[in-house]
Every structure is written in C-alpha cells, then in structure tokens.
Amino acid sequence: MNGFLLFLATIIGILYPVDLTSKWYPRPPSRQGRPVLYKLDDPNIINLDSENFETFVTNPNRDYILLVQFYIDWSEGSRSVVQAYSDLARNISTWENIVRVGAINCAEENNIDVCREYGWVAYPVFKLFPPGNIMATPEPSIKLIEYNTVGKKMYKFRNVILEYIDQLITNHTNYPTSWPVFDSLQVDSLKDLETHFQNQTKDSTILLLIDRDNRDLNRMVLLDMSVYQANLIIRRTQLSQQLYEQLKKNSSGEPIFLFMSIGKHGKSFLKLISSDEIGGNNRESITKYIETHFATNIRNKRMDPIYMSDLYKGLRHSLYNEVTLHKKLNGSQIAALAAYISVIYRYFPFDNENPRRFFKRMDQWMRIRKPDKILDSIDLLAIMRVGSEGFIPQTDHYHHCKSGYPCSLWLIFHALTVSEYIKNNRYKMETIGLDKSNSINSFKSKAQAIETSSSSSVLLETTISLDQDEKERLAHRKKYPVLFAMRDYVRHFYSCAECSSHFTTLSNDFEQRLIYPNSSVLTLWEVHNNISQRLSRENPDHPRSLWPSRNTCPRCFTPADNWVVPEVFNFLLFHYSKDHMVALRNSVPPLCSIPSSVFLFILIMIISIY
Ligand SMILES: Cc1cc2nc3c(=O)[nH]c(=O)nc-3n(C[C@H](O)[C@H](O)[C@H](O)COP(=O)(O)OP(=O)(O)OC[C@H]3O[C@@H](n4cnc5c(N)ncnc54)[C@H](O)[C@@H]3O)c2cc1C
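Here's what I pulled together on the structure shown here. Everything numeric in this text was worked out from a predicted model, so none of it was measured.

## Structural notes on the sheet that holds strand 6 (residues 184-187)
With mixed pairing, five strands are arranged side by side in an open sheet as 6-8-7-9-10. Edge positions in the sheet fall to strand 6 and strand 10 (268-274), since each of these pairs with one other strand and no more. Each strand axis lies, on average, 35 degrees off the axis of its neighbour in the sheet, ignoring direction. Across seven bridges, the pairing between strand 9 (residues 255-262) and strand 10 is antiparallel. By the bridge assignment for strand 10, Met260 is matched with Leu270. Sheet strands touched by helix 13 (residues 283-295): strand 7 (204-211), strand 8 (232-239), strand 9 and strand 10. Its angle to strand 9, the strand with the most contacts, is close to 20 degrees.

## Section: the site of the ligand
As a matter of local geometry, the ligand sits amid 22 residues, with His400, Ser403, His528, Arg534 and Tyr576 nearest to it. A distance of 2.7 Å is found between an oxygen atom of the ligand and a side-chain nitrogen or oxygen belonging to His400. Within the side chain of His414, one N or O atom sits 3.4 Å away from a nitrogen atom of the ligand. Its free accessible area being 950 Å², the ligand has 87% of it covered by the protein chains. Contributing elements (two or more residues each) for the shell around the ligand: helix 18 (405-432), helix 22 (497-506) and helix 24 (519-538). Of the residues forming the shell around the ligand, the biggest block, six residues, is contributed by helix 24. Along the lines of polarity and charge, the residues of the shell around the ligand split into 14 nonpolar, six polar and two charged.

## Re the environment of Asp310
Along the chain, Asp310 turns up in helix 14 (residues 308-322). In this structure the C-alpha to C-alpha distance between Asp310 and Asp396, which are 86 residues apart in sequence, comes to 9.7 Å. Not counting residues up to four positions away in its chain, the partners in contact with Asp310 are His397, Tyr398, His399, His400, Cys401 and Ser408.

## Observations regarding the state of the cysteines
Cysteine pairs can be linked by a disulfide, which is a covalent bond between their two sulfur atoms. Taken as a whole and judged by the stated rule, the model has three disulfides. The disulfide partner of Cys401 is Cys407, and the gap between their sulfur atoms is 2.1 Å. Here the S-S torsion is close to -65 degrees, and the disulfide linking Cys401 with Cys407 is therefore left-handed. A sulfur-sulfur separation of 2.0 Å characterises the disulfide bridge that pairs Cys496 with Cys499.

## Quick word on the sheet that holds strand 3 (residues 99-105)
Sheet architecture is open: five strands sit in the order 1-3-2-4-5, paired in mixed fashion. Pairing within the sheet leaves two strands with one partner each, and these edge strands are strand 1 (45-48) and strand 5 (143-146). Across the sheet, the mean angle separating the axes of adjacent strands is 25 degrees when strand polarity is ignored. Relative to strand 3, strand 1 runs parallel, the two sharing four bridges. When the bridges of strand 3 are listed, Leu48 appears paired with Ile104.

## Quick look at unusual backbone geometry
The omega angle of the peptide bond from Tyr123 to Pro124 is 5 degrees, so this bond is cis rather than trans. One can find Pro124 in the loop between helix 5 (112-118) and strand 4 (125-129). Looking along the chain, the bond that leaves Trp547 and enters Pro548 is cis, with omega of -5 degrees. The topology assignment puts Pro548 in the loop between helix 24 and helix 25 (565-575). Not every positive phi belongs to a glycine, and Ser141 is a case in point at roughly 55 degrees. Turning to its location among the elements, Ser141 is positioned in the loop between helix 6 (132-135) and strand 5. Ser141 sits in the partly exposed class, given a relative accessible area of 22%.

Definitions and limits used
- Residues numbered from 1 in each chain as written.
- Predicted model: local features only at pLDDT ≥ 70, side-chain atom pairs only at ≥ 80, totals over all residues.
- Heavy atoms only, no water.
- Pairing = 2+ DSSP bridges.
- Helix = DSSP H or I, 4+ residues; strand = E, 2+ residues; numbered from the N terminus.
- Axes fitted to C-alpha atoms, helices over the stretch in contact; angles between N-to-C directions.
- Contact = heavy atoms within 4.5 Å.
- Near = heavy atom within 4 Å.
- Polar contact = N/O pair within 3.5 Å; in protein donor to acceptor, adjacent residues only side chain to side chain.
- Areas by Shrake-Rupley, 256 points an atom, 1.4 Å probe, with all protein chains shown as cover.
- Nonpolar A, V, L, I, M, F, W, Y, C, P; charged D, E, K, R; others polar.
- Disulfide = S-S within 2.5 Å.
- Buried < 20%, exposed > 50% of the residue type's maximum accessible area, 1.4 Å probe, protein only.

Structural data, given as structure tokens:
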C-alpha cells in the first residue's frame, strides 16, 4: 500500500513541473484582479485595496500619518512616478512611527467606491491622512498633493511631508505623544540648559541638534532617530553666541549638535560635536554617527511587519518535517493533528486560495477517516505531497524569523489567536471600536476589572460569567479553539522536548484562563513573554526584551513602565491582523493544478477505503 502511494506521488511529482493546466488557475496579480504597481511584499509600501483601506485610513488607533498614492495601473503618468514614490518610501522608512506610505489602484473595479470617496478626479494623486484621532475631528486636515506640484522628484514629496508634520503639530494639540518634539528649544547659556533639563531622570542622554539654515536637515534627523526616542532625548536648538563661547574649547569645525549626558548621580557632562568629528554635515553622516555612538546599546528591534512567507514556511515545516517525525500517530496524536489542521483552515490569514483549499481537504480528510485507526505518517506524507508538495507555498528563507522555525511557530499562533478574535467579534469591533481608556497593569487586576466593570468596551466584555459551569466553558472552548489546539500540538509534536514540557506546564490552566473573548490573544502574549524572560535569565549573554518594546508601542506602557494591557491588546490586533501582513512574493510558482487536485481526491478516497 505504502509503496503504491509513494509510486503515485513520485509520478505526480514528475508530471507536475509541466503543469500544462496552470493557465486555468492564473495567479491573481493582486489580492483582487488588476496588476498592482508596487510589489506586494515591499515592506515600505502598504498595498491598499477596498478590503483594507478603511481599516487603515479611518482606524482611530492609527497614530501615524498615512501618505496614499491613488493610481491607475495602465496610465503612463501613474507608472512614471513609481520609481520616485518607491525611493521616497525607502528614504523615509525610518520615520515609520510618524509616517507610512501606501498606494491603491483606482483602475481596480472593487476599489472604485473607495477612490470616489477619498481620491480625486485626475490620477495619479496623493493624499496625506493625519493620525486617526485627528481624522475624527471636524477639520481633519487631509492634504491633497497634485502630481504636477511634486512631479517625479522624491525630495519634493519629502518636503511636503515635513511641512505637513509641522502644520499638524502647530494646529493640533492632540497629535500622538509618541512623535518627536519638533519645535526649537531656546537656551542661551549653560545655566539655561541645566535649568531646562533639571527634572530629567538620571542616566539620560540628550542630543540638541543645532539649527542654523538647516531646519529641514535637523527635522529629518529628528524623524530618523524617532525610533530611539524612548532612550534618547533629541531636540532642536538655536546655539546662542554665549553658549557657543562656553562650549567651543576642544571643538573644531562646524557645530552640529550638543551632547549632554546626565549621569546616575545627576551630574551632567556636555560636549559640542562638530562636523569634523562626524565626518560631514549631511543626514547620512549625522544619523550614522548618532546610531553608532549613542544608540547601539539601546537599540530596540524596530518593528518588522509579519511576512506571510514566514508563516507558510513555518506551516510547511510543522506538517512535513515535524509531525511526520513520528512513524505512526496514535489516537491522541491524530486528534491533536486534526485540531491543528482545523484551526489553520478556519483562522489562518490565507492570502492565496491554494493553501486554503489544501487545508480544507486535509480538514475534511481528518474528519472522515476512521477515528480509531493508527495513522501511518508515510500515508500522511503521501496525501500532503500530492502535486509535488506545492499546495503550501515554498519559500527559500525566513524574512523576519532569523532564528527559524520556533519563531515562525509563535507567529502562526499569535496570528491565529488574533484572527479567531476578529472573526468572532467582527460585529462588536465595527460598532464599538477598541477601548483605550483603561490602564490595567496585571492580569489579576484585569480580571477584577472584568468582574466589576459595566463598561461596554470590547476588552472588558465577557460572554460568560466567572462562575460559569462546565457547559459554558465547553461552549467557549468550541468558539475559541486556537490555544487549546496549540497546546495539544506542542505537547504531541513540537520536537524540542524541553520546550514542549515547559509550555505544557505553562498551559495547564488554560481551561481556567481562556474564558473571555480576548483571553487567547492576551494569554499567548503573556506566555510568550514568560518564556522569553526565562530564557533571558538562563542565558544572560543573549538577553531578550519584553515584547512589544516601549519604542515599538509607547502607548503600551505607563510612565512607571507597567503594561497598559488594553493598549497591548490593540497593538496585538493591529500587528497580527491580515491587513498588516506582507503578502507572499508574486514569484511563487503556480500552486495547484487540475490533475493534482484530481489525484489528491483519488488518493484520499483510496486511503479512506483502506
Ligand atoms: C511553544 C514554544 C515553547 C518554547 N519553549 C522554549 C524553551 O523552553 N526553551 C528554549 O530554549 N526555547 C523555547 N522556545 C523557543 C524560543 O521561545 C524562541 O522561539 C527562540 O529562542 C527564538 O527566539 P527569537 O528571538 O527569534 O524570538 P521568539 O521568541 O521566537 O519570537 C518570535 C517573534 O514573535 C514576536 N514576539 C515576541 N514576543 C512576543 C509576545 N510576547 N507576543 C507577541 N509576539 C511576540 C516578535 O516579533 C518575535 O520576533 C519555544 C518556542 C515555542 C514555539
């Protein structure tokens, strides 16, 4: 039997590359129909469409400016600006906490409504949308940038953005607190300087960029360095003659910035850093100098988006290389595998129909096969390999997950919990929005708040009471199965024995903890941080910071460095939702063909009969 299956799989594998039928399943060039002008996996440009546009533009939690290009894919004008726009997105990618860049194809039929509502009559056209809270005001200050005002000049776009940020900061007091302070500090003497920073916490590093006729340069450096803002205070200042006289000794060349360090005991140290020391007076030299001299030790990982390719690579590894390490699967292993496949089919953020179909068939197969039968992993492999393994996209390397499979498994499960939450609460999220007003610093106090609050917020809402009976718990588990499936997967298949046993211990009380709609998302976040902290203690040479860091989510922390759990929850929803993931590279070969689907069907039938 096994020999026959292998023979069949080999024949299909040989036939598959010819794939004469792939033209019947052309890969859509975009998530919708028409081609897009920007690569779907470009980390610097968000490809917007009718499905995700509103999520980005009208999201009240968006705390950055969104620059959107509305284009027509077939128009020469739109095409001619692609290079400048891509250069701009790369050039300002370090400003991602303040500005992000997106694009939408208005020739795509599905996008017409969005383009009519938000776009313009002539394309290409660009719009700057302010952060979500300003968008919600009666005068949201959306800025239209017409093509002829910027042409194909990257620096012109950039200047418009700088002016826009200035304008928002001047006209709105409620711009996000995570933004850098843009205005210039007035200090005339050393005394002034000390008075100004006297309340600064000990052990701080302060850099004052010196303004002359280089206002734009300094504003760009401020934005470039905004990612270090939690640890480094950077401001602009006018250097008065008096202050210059007091500081100029030991310094030659044009003064670029003033470095001020306040030590552990409150004593300050001052030094003027000049262009000679930096090796130039341009954006690249200054940012590089600051990064190497002041930011290397405090650099928090900049937030990478989630790459679909990492998720697919992790999925492939788990099914083809981990589950199948077991020669034969017993009853509880089969049940764990069935639950794993089922939650993937139901909640994985597929961006492609082929892997979805694959999991649908696998899910059906797991359901119809006789439950008491041992499953031979050779049979399982043969089923999965039909069509030369092409159903789950093959990708050559991990993008974000440099450490490989364990990282991708975490990402898969975080993405599943978020997708599970969103699917189960879509209606409430649309009508209520996410609550941001609560600052709750531990799960214990959160549980108390849940018990006592009459708030209508999604976060504090419960579907069941704390003294729920077993029946309610089971109903909840049925509605939120992801973490239970993860626990069983890790227990039965995760090939790191030590990890599996640790995780099993940490997840023993899931039945008691996973009782609220948002429990799975937050519990997995907490468990993941627990494990990272333990690994840090065990191996101090490889410290791991808690996630998210203050840099990546300033709102997630109180000034005393406690978690603001509702903000963490919002952040998790945002970071792990499908809309914010980088889609799979377009170059993946055609995945599913008619013959392989037919063969898979036949194979499933044969194995089911036996
Ligand atoms: C279930 C499980 C148990 C494990 N147990 C052990 C163990 O006992 N001993 C051991 O040595 N290794 C264990 N590992 C591996 C370990 O946790 C790391 O995955 C591995 O060391 C690689 O670490 P990393 O720095 O790439 O980041 P990872 O910890 O793998 O994190 C991957 C990515 O997830 C995101 N992230 C990080 N923390 C959070 C969070 N709290 N919430 C949401 N997203 C987050 C970040 O983007 C990060 O880059 C386990 C892995 C898994 C999946």
